[in-house]
Amino acid sequence: LEMRHVMGVAKVRRSLAQYVASQLGYGELPPLETGLRERNILYDTVVGIPLRLEQLIFFTCLRLLDCFLELFTTLPLRLALRAMQAPRSWTKSQVHPAQIFDFLQALIVALTTVALYHADVSYLYHLIRGQELLKVYVVFVMLETFDRLLTAFGSDAMLALHRRAIEAATPAADLAALVRTLSLLGLDFLLSFTACLLHVFTLFAQAVALNVAMNSGSNALLTMVISNNFGEIKSYVFKNYDERKLFAVAVGDAVERFHKGIGLLWVLTETYRMRVFSADGDAFDLEWLPQFLRTLAVVFSIEILCDNVKHAFLSKFNAIKPQVYRGFLTQVCRQTLNPRNQLTYQQIKFLPQVSAALFLRAVAHFFWEGHSGLAGPLGLGWRLTEWLAVFLMLVGVKLGLGWMLVEHAQWVVDRVERHKTQHAE
């Protein structure tokens, strides 16, 4: 019947005057529902998804910053308080697994920082700068690939180390079981240290490559860095993703943005050190700083833009609503309310030890050369006083940030529970 109706409509003949009148007039209006779905998808893509994504990434980055600051503040304080206890309380039956894990974390950070401190920046800088543009692009792609692989492997290694610390704190049945547990603990520590060492050198090479692109004076290198971010969009948007996979991509972007922030901080301190603390440098010559900050803002803005475009079209092609990202934020908030170290490695896949080693590498040269003119007991006392003031400031920032994160996470979770209760009623 529909076919006959269509054929009947097609057989209706109109005169030239009727055709001209139909073209000059407006005709009948389409139904009100026409284009409503497309309009909602458009606004979700342009406004809803980027807004929810930035809320998620901002809170996740603050959570990562809290874990990062813990390595410099509360973790040394916990170890110091444990060391000040009476030696007779250091028996295995009274050792908490978190104390073993804290000590192993501190040891990993110390060893990776020492290894990274002896890395030759000048050699790596001129090695990358002397390559052709295509080779530098391949280096960027390889470093990003190794970053993602080592993040996944390092997180699993740290989880295994945490599990082995729990076994090591449990009283052993006999000497053979104790030797076996300690041997496996040493093996897991070696794997975790190797993963962190490879990862920190990967991030270090990325930071040096960024330094080359931002300080070489060549727009081609900077354009290559920007185009590499847009190349990431192509590898994501034409694939099928469910909510579980999309959560991993979103928190992975937060980790990547945090790593890039630490890398850009290293580039800033290295540039300042080379220009100010050089032999002919002038401490008040900061003419390079505005241009450097503009370039830094461009690099970071392109990173944010590419993340928004990637998630906008991922959500569009997979029919994912902005409310899903609100659920992701609630999930991260629930993890924040249960702040255990293994949750960071298991859910967010973040290694604060790697970022801490790169940060210490940047700060060590900066402060050491900045106080090279201070000698004698007076200079040493001034330096220790300054470090103590910085440590106390970081402790205050960490505790204040952690408290605000917990309060905000509790507010978000309570709001979600109220909405569920109202919907059920």
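Residues numbered from 1 in each chain as written. Predicted model: local features only at pLDDT ≥ 70, side-chain atom pairs only at ≥ 80, totals over all residues. Heavy atoms only, no water.

**Some words on the overall build of the protein chain**
Part 1: Helix and strand counts for the protein chain stand at 15 helices and zero strands.
Part 2: Across the protein chain, every contact between residues at least 6 apart in sequence was considered, and the portion connecting residues at least 24 apart equals 86%.
Part 3: With an accessible surface of roughly 24600 Å², the protein chain has 66% of that area assigned to carbon and sulfur atoms. (Helix = DSSP H or I, 4+ residues; strand = E, 2+ residues; numbered from the N terminus. Contact = heavy atoms within 4.5 Å. Areas by Shrake-Rupley, 256 points an atom, 1.4 Å probe, with all protein chains shown as cover.)

**Re helix α11 (residues 288-317)**
Part 1: Between the first and last C-alpha of α11 there are 44 Å, a value that for 30 residues agrees with the 44 Å anticipated at 1.5 Å per step.
Part 2: Ala-319, located one to two residues past α11, shows a positive phi value of around 55 degrees. (Expected span 1.5 Å × (residues − 1).)

**As for a nonpolar patch on the surface**
Part 1: Residues Leu-134, Tyr-137, Val-138, Val-141, Met-142, Phe-146 and Leu-149 make up a contiguous nonpolar surface patch of about 640 Å² in total accessible area.
Part 2: Along the chain, Tyr-137 turns up in helix α7 (residues 133-169). (Patch = residues over 30% accessible without salt bridge, like charges linked within 9 Å, V, L, I, M, F, W, Y side chains within 5 Å. Salt bridge = Lys/Arg side-chain N within 4 Å of Asp/Glu carboxyl O.)

**Let's talk about the packing of aromatic side chains**
Part 1: Considering all chains together, one arrives at 10 aromatic pairs under this definition.
Part 2: An angle of 85 degrees between the planes, with centres 5.5 Å apart, marks the rings of Phe-68 and Phe-359 as edge-to-face. With a gap of 291 residues between them, Phe-68 in helix α3 (residues 36-70) and Phe-359 in helix α14 (residues 352-370) connect regions that are remote in the sequence.
Part 3: Judged by centre distance (5.6 Å) and plane angle (65 degrees), the ring pair of Phe-72 and Phe-359 falls under edge-to-face. Pair noted here: Phe-72 is in the loop between α3 and α4 (74-83) and Phe-359 is in helix α14, with a separation of 287 residues, a long-range link. (Phe/Tyr/Trp six-rings, centres within 6.5 Å; stacked < 30°, edge-to-face > 60°.)

**Details of the pattern of salt bridges**
Part 1: Scanning all chains against the criterion turns up 14 salt bridges.
Part 2: The salt bridge involving Arg-78 is made with Glu-70; its shortest N-O contact spans 3.1 Å.
Part 3: According to the relative accessible area criterion, Glu-70 is buried, its value standing at 14%.
Part 4: When the shortest N-O distance is used, the salt bridge between Lys-349 and Asp-156 registers 3.4 Å. Residue Lys-349 is located in the loop between α13 (341-348) and α14, and its partner Asp-156 is located in helix α7; the two are separated by 193 residues in the primary sequence.
Part 5: The exposure class of Lys-349 is partly exposed, given its relative accessible area of 29%. (Buried < 20%, exposed > 50% of the residue type's maximum accessible area, 1.4 Å probe, protein only.)

**A look at the nonpolar core**
Part 1: Ranked by size, the top nonpolar core spans 87 residues in total, and within it Met-158, Leu-161, Phe-204, Trp-266 and Leu-358 carry the most contacts.
Part 2: For this core, the element with the most residues is helix α8 (residues 175-215), which contributes 14 residues.
Part 3: If near-sequence neighbours (up to four positions away) are discounted, Phe-204 is found in contact with Leu-116, Ala-119, Val-121, Leu-124, Trp-266, Leu-358 and Arg-361.
Part 4: Counting five residues, the second-largest nonpolar core is a separate cluster that includes Ile-226, Val-237, Ile-302 and Cys-306. (Core = buried A, V, L, I, M, F, W, Y, C linked by side-chain atoms within 4.5 Å.)

**Here's the deal with the environment of Leu-190**
Part 1: As for its position among the elements, Leu-190 is in helix α8.
Part 2: Note on Leu-190: relative accessible area 48%, which makes it partly exposed.
Part 3: Between the alpha carbons of Leu-190 and Ile-108 there is a distance of 9.4 Å; along the sequence they are 82 residues apart.

**Details of unusual backbone geometry**
Part 1: Its identity as a non-glycine residue notwithstanding, Ala-319 has a phi of 55 degrees, on the positive side.
Part 2: Relative to the helices and strands, Ala-319 resides in the loop between α11 and α12 (323-337).
Part 3: Backbone geometry places Lys-349, a non-glycine residue, at a positive phi of 60 degrees.

**A few points about the confidence of the model for the protein chain**
Part 1: Mean pLDDT over the protein chain works out to 81, with 84% of the residues at or above the 70 mark.
Part 2: Per-residue pLDDT stays below 50 along residues 1-10; that stretch engages in zero contacts with residues further than four places along the chain or on separate chains. (pLDDT = per-residue confidence, 0-100.)

**With respect to the packing of helix α6 (residues 121-129) against α8**
Part 1: Running from N to C, α6 and α8 point in directions that differ by 60 degrees, and their axes come no closer than 9 Å. For the element pair α6 / α8, the angle class is oblique. Relative to α8, the crossing made by α6 is right-handed. Contacts from Val-121, Leu-124, Tyr-125, Ile-128 and Arg-129 of α6 reach α8 at Phe-204, Ala-205, Val-208, Ala-209, Asn-211, Val-212 and Asn-215.
Part 2: Of the residues that constitute the contact of α6 with α8, the class distribution is nine nonpolar, two polar and one charged. (Axes fitted to C-alpha atoms, helices over the stretch in contact; angles between N-to-C directions. Parallel < 35°, antiparallel > 145°, perpendicular 65-115°, else oblique. Left-handed = near helix turned anticlockwise from the far one by under 90°. Nonpolar A, V, L, I, M, F, W, Y, C, P; charged D, E, K, R; others polar.)

**Concerning the environment of Leu-69**
Part 1: Among the secondary structure elements, Leu-69 is positioned in helix α3.
Part 2: A relative accessible area of 6% means that Leu-69 is categorised as buried.
Part 3: Sequence-wise, Leu-69 and Ala-356 are 287 residues apart; in three dimensions their C-alpha atoms are separated by 8.4 Å.
Part 4: Apart from the residues within four sequence positions on either side, Leu-69 is in contact with Leu-394, Val-397, Lys-398 and Leu-401.

**Here we look at the side chain of Thr-295**
Part 1: By the element assignment, Thr-295 lies in helix α11.
Part 2: Here the side chain of Thr-295 touches Gln-291 through a polar contact of 3.0 Å, landing on its backbone oxygen. (Polar contact = N/O pair within 3.5 Å; in protein donor to acceptor, adjacent residues only side chain to side chain.)

**Topic: the packing of α7 against α8**
Axis angle and axis distance: for two packed helices, these are the angle between their axes and the distance between the axes, and together they describe the pair.
Part 1: α8 packs onto α7 with a crossing angle of 155 degrees between their chain directions and a minimal axis gap of 8 Å. Overall, the two elements α7 and α8 adopt an arrangement that is roughly antiparallel. Where α7 crosses over α8, the handedness of that crossing is left-handed.
Part 2: When grouped by side-chain class, the residues that make up the contact of α7 with α8 number 22 nonpolar, seven polar and five charged.

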